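Tertiary structure, described
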Amino acid sequence: MIIAIDGPAGSGKSSTAKAVAAELGFRHLDSGALYRAITWAALEADLPVEEWMQLDARTLDSLDVRSIPAPYRFDVAVRGRIVGDEIRSPEVNAHVSRMAAIPAVREWLLGALREAGRSGQLVADGRDIGTVVFPDADLKLFLVCAPEERARRRLREQGITDDPADEVRREAARLQGRDEIDSGRAVAPLLPASDAVVIDTTELTFREQVDSIVELARSAGA
Ligand code: CDP
């Protein structure tokens with residue numbers, strides 16, 4: 001069984017997918033982490049951003065980004081080292097959508113993502129999981145959430161808890177900037193699959209959104 005969870009930036013896909021996978025005893029695949037790792041590796045390797053459009057499979061191979069199966073998840077390794085928070089830096093945030101819009105990059109990752117689904121029992125999250133990566137997924141969810149609430153959750157994640165309004169506005173603008181690039185790109189744009197269940201999480205607690213997906217998964221046979 002494969003469960004696909006897509007949605008815009010900061011809609012809570014990854015944390016939700018992880019919790020749903022834990023509840024079902026499935027494995028979680030965070031596809032965004034791979035786009036982030038490629039972006040981080042390209043920045044580390046000082047590949048000039050204006051030349052990213054010309055990236056080919058050989059150069060991508062040389063960045064040595066891999067998805068490594070681990071119990072209940074996949075780790076992401078760059079040059080043999082498992083990466084963590086460095087792929088979530090403001091610099092990676094600012095560049096990842098440009099990297100993810102490059103057709104050669106998406107093509108390069110598609111095989112690795114599909115490989116992760118071969119043993120089944122997977123909850124995968126991203127932007128095009130239900131449309132391109134696993135169009136035959138057993139259950140597809142598309143999470144949406146008001147931009148200001150997404151910004152507040154992101155800031156809370158970073159330990160910023162006192163919510164000054166202009167900080168929330170700035171973060172919301174950053175998230176929406178990424179959404180615009182992700183939705184506007186020619187290849188695999190961010191959009192709900194025609195058979196996806198759309199869940200608006202703006203008014204839901206984390207527990208409520210996880211429970212509602214687990215319930216849908218159970219009805220679908222998980
Ligand atoms: O967690 P957050 O919403 O910040 O984003 P993410 O899932 O970590 O993904 C980071 C970026 O990778 C997105 O803004 C997209 O540009 C790209 N991405 C994609 O194009 N396709 C996917 N399946 C997953 C991520």
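Residues numbered from 1 in each chain as written. Predicted model: local features only at pLDDT ≥ 70, side-chain atom pairs only at ≥ 80, totals over all residues. Heavy atoms only, no water.

**Quick look at the site of the ligand**
In the vicinity of the ligand there are 18 residues, among which Arg 36, Arg 106, Asp 128, Arg 154 and Asp 182 approach most closely. Note that a nitrogen atom of the ligand is positioned 3.0 Å from one of the backbone N or O atoms of Arg 127. For the ligand, the protein covers 99% of the area, taking 530 Å² as the surface of the free molecule. Only helix H2 (31–44), helix H4 (90–100) and helix H8 (165–184) provide two or more residues apiece to the shell around the ligand. For the shell around the ligand, the residue count by class is 4 nonpolar, 5 polar and 9 charged. (Near = heavy atom within 4 Å. Polar contact = N/O pair within 3.5 Å; in protein donor to acceptor, adjacent residues only side chain to side chain. Areas by Shrake-Rupley, 256 points an atom, 1.4 Å probe, with all protein chains shown as cover. Helix = DSSP H or I, 4+ residues; strand = E, 2+ residues; numbered from the N terminus. Nonpolar A, V, L, I, M, F, W, Y, C, P; charged D, E, K, R; others polar.)

**A few points about unusual backbone geometry**
Unlike most non-glycine residues, Asp 64 shows phi in positive territory, near 55°. In this fold, Asp 64 is placed in the loop between helix H3 (57–63) and strand E3 (65–70). Phi at Gln 121 takes a positive value of approximately 50°, unusual for a residue other than glycine. Tracing the backbone through its elements, the reader meets Gln 121 in the loop between helix H5 (103–116) and strand E6 (122–126). Classification of Gln 121 by relative accessible area gives partly exposed; the value is 40%. (Buried < 20%, exposed > 50% of the residue type's maximum accessible area, 1.4 Å probe, protein only.)

**Considering the nonpolar core**
Counting 38 residues, the largest nonpolar core has Ile 38, Val 65, Met 99, Val 105 and Phe 134 as the members making the most contacts within it. If you list the elements that add at least two residues to this core, you get strand E1 (2–6), H2, H3, strand E4 (73–78), H4, H5, E6 and helix H6 (129–133). Here the element with the most residues in this core is H2; it accounts for 9 residues. In this structure, Val 65 is in contact with Leu 34, Ala 37, Ile 38, Ala 41, Val 76, Ala 77, Val 78 and Trp 108, ignoring residues within four places of it in sequence. Of all hydrophobic cores here, the second largest spans 18 residues; its members include Val 20, Ile 199, Val 214 and Ala 217. (Core = buried A, V, L, I, M, F, W, Y, C linked by side-chain atoms within 4.5 Å. Contact = heavy atoms within 4.5 Å.)

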